[in-house]
Every structure is written in structure tokens, then in C-alpha cells.
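Structure assessment
Below are the chains, spelled out letter by letter.
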Amino acid sequence: MNHTKADIINAFWQLLEERPYNKITVRDIVECCQINRNTFYYHFHDIPELLESTIKLDVDNIIQTYSRFGSPIDCLVPIVEHTLKRKKAMLHIYRSVQRDVFQNQLERIMLHVVTQYVDTVTADLTLPPEDKNLLIQFYKCSLLGITLDWMDKGMNFDLLKAVTRISELLEDSGRQAFLKSAKSVEHRR
């Protein structure tokens, strides 16, 4: 990514920390970056495109950095840490008309991390693809749901502590589901 585009993205995050999404204008961004409007429009069509590109870039970075996970909590830690670094900005996006962009990217990252987790814990098992996909969907929806609930509540509870406790309470249930699925393959042989 070139320097100017990075400056625009950084200015956007800075402004999101200060005010709601719908209160940010192209003028605010270009003044913050000390560039002209044409330079902004060279890189982005409008602010919604800037938002979508910015969130996608962050998600891609998290996915690239954290590719393997050993437990459900491992899946969530990098996402929560990243979100808390920009708490006000994330809440401004989440509470804006562009919430769907945020949710779509959050779902994409949840699907990635859960798929990596399931692939890791089932590496030694043969599962029917439909069972594996169903379990991935279940874990993705569970993590996405609790994360959206956390966002709805203004990130005012310890999400990692809650997910850690849920993992403790449901300990071995995921492994049992994977083993049951693998046994069904063995019985068909």
C-alpha cells in the first residue's frame, strides 16, 4: 500500500475515534492528511468505500498474522485485542448505517478462524464434509453471536473471560462431536 493511501486510512481511524461515522466528511479526512480532495478520490470513490477497504484490510491482516488456532478462545483473542485498540472507532462503525460492512467482515474473520481451529483439531480424524461444515457453522455463529452481543453492550463486559468460561463449561463437547462424526464414517465402511 502506498504512503498516501495509508495516511488516508490512518486519518480515517483517528477521526472515527473522535466522532461518529456519519459526522466524518471527505473534507475532514483531507484536512487531517493535508492532501487535496482529488488525491482522496484517486484512492477511494467515497467514504463508504474507504470504510469497506479499511475494515477488509484489517481483517486480511489479522487472518494473515494468525493462521492457526488451538482452541476457541485462541480464535477470539486477536479479534478482541484488535477491536479494543480502536474501541470508540469500532463502536462508531458498528452503530452507523454501515454496520453491515462491519458485520460482514466480522463474519468473514470468524469463519476463517473457526475453520482453522476445526481443521487443526480434526487433522487426525476423517469427518464427512457435511458434518465438518455444520460444526464450523455452529462455532462461527456462536462466536459471532457473542461478539455482536458484546458490541451491542458497548464492549462493557470481558468477552474473553466469558468465552473462556463457556469453553470450560463445554470442554470436550466439541471433541465428542468430532469423534461421533468420525465414528459414523467408520460404521459406513
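Refer to the structure above for everything that follows.
All figures in this text were calculated on a predicted structure; none of them were measured in a lab. (Residues numbered from 1 in each chain as written. Predicted model: local features only at pLDDT ≥ 70, side-chain atom pairs only at ≥ 80, totals over all residues. Heavy atoms only, no water.)

1. Quick word on the packing of helix α6 (residues 87-94) against helix α8 (residues 129-152)
Our working rule: Inter-axis angles, ranging from 0 to 180 degrees, are taken between N-to-C directions of lines fitted to C-alpha atoms, where helices are fitted over the stretch in contact. Put simply, DSSP H or I for four residues or longer makes a helix, DSSP E for two residues or longer makes a strand, and each gets a number counted from the N terminus. Orientation categories follow fixed angle ranges, with anything under 35 degrees roughly parallel, anything over 145 roughly antiparallel, 65 to 115 roughly perpendicular, and all other angles oblique. Whether two residues are in contact is decided by their heavy atoms: any pair within 4.5 Å suffices. Put simply, Ala, Val, Leu, Ile, Met, Phe, Trp, Tyr, Cys and Pro go in the nonpolar bin, Asp, Glu, Lys and Arg in the charged bin, and everything else, Gly too, in the polar bin.
Contact geometry for α6 and α8: axes closest at 10 Å, N-to-C directions at 100°. With respect to their mutual orientation, α6 and α8 come out roughly perpendicular. Here Met90, Leu91 and Tyr94 of α6 lie close against α8, whose contacting residues are Leu148, Met151 and Asp152. Split into classes, the residues belonging to the contact of α6 with α8 amount to five nonpolar, no polar and one charged.

2. Digging into the pattern of salt bridges
For clarity, the cut-off: Every case where a carboxyl oxygen of Asp or Glu lies within 4 Å of a side-chain nitrogen of Lys or Arg is listed as a salt bridge. Burial status follows relative accessibility: with a 1.4 Å probe on protein chains alone, a residue under 20% of its type maximum counts as buried, one over 50% as exposed, and anything between as partly exposed.
Overall, the coordinates contain 11 salt bridges when judged by the stated rule. Residue Arg19 pairs with Glu18 through a salt bridge whose shortest N-O separation is 3.8 Å. Judged by its relative accessible area of 23%, Arg19 is partly exposed. With its nearest N and O atoms 3.2 Å apart, the salt bridge here joins Arg99 to Asp152. Highlighted residues: Arg99 in helix α7 (residues 99-121) and Asp152 in helix α8, separated in sequence by 53 residues. Residues participating in the shared-partner salt-bridge network are Glu18, Arg19 and Asp28.

3. Digging into the packing of α6 against α7
Any two packed helices are characterised by how steeply their axes cross, that is the angle between the axes, and by the distance between the axes. Packing of α6 against α7 leaves a shortest axis separation of 7 Å and a crossing angle of 115°. On the basis of their axis angle, the class for α6 and α7 is roughly perpendicular. Residues Met90, Ile93 and Tyr94 of α6 pack against Arg99, Phe102 and Gln103 of α7. Tallied by class, residues from the contact of α6 with α7 come to four nonpolar, one polar and one charged.

4. Here's the deal with the nonpolar core
Stated precisely, the cut-off is as follows: Within this scheme, the nonpolar core is defined by two criteria: the residues are buried Ala, Val, Leu, Ile, Met, Phe, Trp, Tyr or Cys, and they are joined through side-chain atoms within 4.5 Å.
Core analysis: the largest hydrophobic core is formed by 57 residues, its most contacted members being Phe12, Ile29 and Phe40. The element contributing the most residues to this core is α7, with 10 residues. In this structure Phe12 touches Tyr21, Ile24, Ile29, Ile47, Leu50, Leu51 and Thr54, once residues within four positions along its chain are discounted.

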